[in-house]
Amino acid sequence: MESRTVLSAAGESALERRIQLFLESVGHDSLRRLQVRVDRGVAFLTGHVASFYERQLAISACQRVPGVYQVSDAIEVDSQ
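Computed from a predicted model, the values in this text were never measured in an experiment.

Trainee: Give me the pattern of salt bridges: which residues, what numbers.
Mentor: Close approach of charged atoms allows side chains with opposite charge to pair. Throughout the structure, instances matching the rule amount to two salt bridges. Notably, a salt bridge pairs Arg 32 with Asp 29, separated by 2.8 Å at the nearest N-O pair. With Arg 32 and Asp 29 both in helix α2 (residues 29-32) and three residues apart, this pair spans about one turn of that helix.

Put into structure tokens, the structure is as follows:
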């Protein structure tokens with residue numbers, strides 16, 4: 001079983017900010033507007049994106065941030 005470090009509230013807040021910065025660096029405007037919350041290493045993503053590609057991109061980007069053990073995806077894809 002994988003060992004996880006439990007983050008303090010300040011640590012979770014810092015991880016949320018790192019995820020947000022990473023999403024902003026990807027270069028898609030809709031990813032900048034996603035809401036991010038972290039609880040015990042699980043990143044919760046909510047909001048709207050324009051395509052399934054952007055949704056997958058957000059999930060994949062989030063998984064690459066050190067300290068994220070799991071991603072909970074509640075991202076909605078806007079229908080056109």
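Trainee: Hey, could you go over the pairing of strand β2 (residues 42-49) for me, with residue numbers and the actual values?
Mentor: Pairing of strand β1 (residues 35-39) with β2, which is carried by five bridges, proceeds in the antiparallel orientation. Each bridged residue has a counterpart across the sheet, and for Val 38 the counterpart in β2 is Ala 43. In textbook terms, the turn of a hairpin is the stretch between consecutive antiparallel strands, and for β1 and β2 this stretch comprises two residues, one of which, Arg 40, has a positive phi near 55°. Of the strand pairs in this sheet, β2 and strand β3 (residues 70-77) are connected by eight bridges, and their pairing is parallel. Considered in β3, the bridge of Phe 44 is made with Ser 72. Crossover handedness for the path β2 to helix α3 (residues 52-63) to β3: right-handed.

Trainee: So what about unusual backbone geometry? Which residues, and what values?
Mentor: One non-glycine residue, Arg 40, lies in the positive phi region at around 55°. Secondary-structure assignment places Arg 40 in the loop between β1 and β2.

What counts and what doesn't
- Residues numbered from 1 in each chain as written.
- Predicted model: local features only at pLDDT ≥ 70, side-chain atom pairs only at ≥ 80, totals over all residues.
- Heavy atoms only, no water.
- Salt bridge = Lys/Arg side-chain N within 4 Å of Asp/Glu carboxyl O.
- Helix = DSSP H or I, 4+ residues; strand = E, 2+ residues; numbered from the N terminus.
- Pairing = 2+ DSSP bridges.
- Right-handed = clockwise from strand over helix to strand, strands pointing away.

Distances and angles like these do not, on their own, reveal function.
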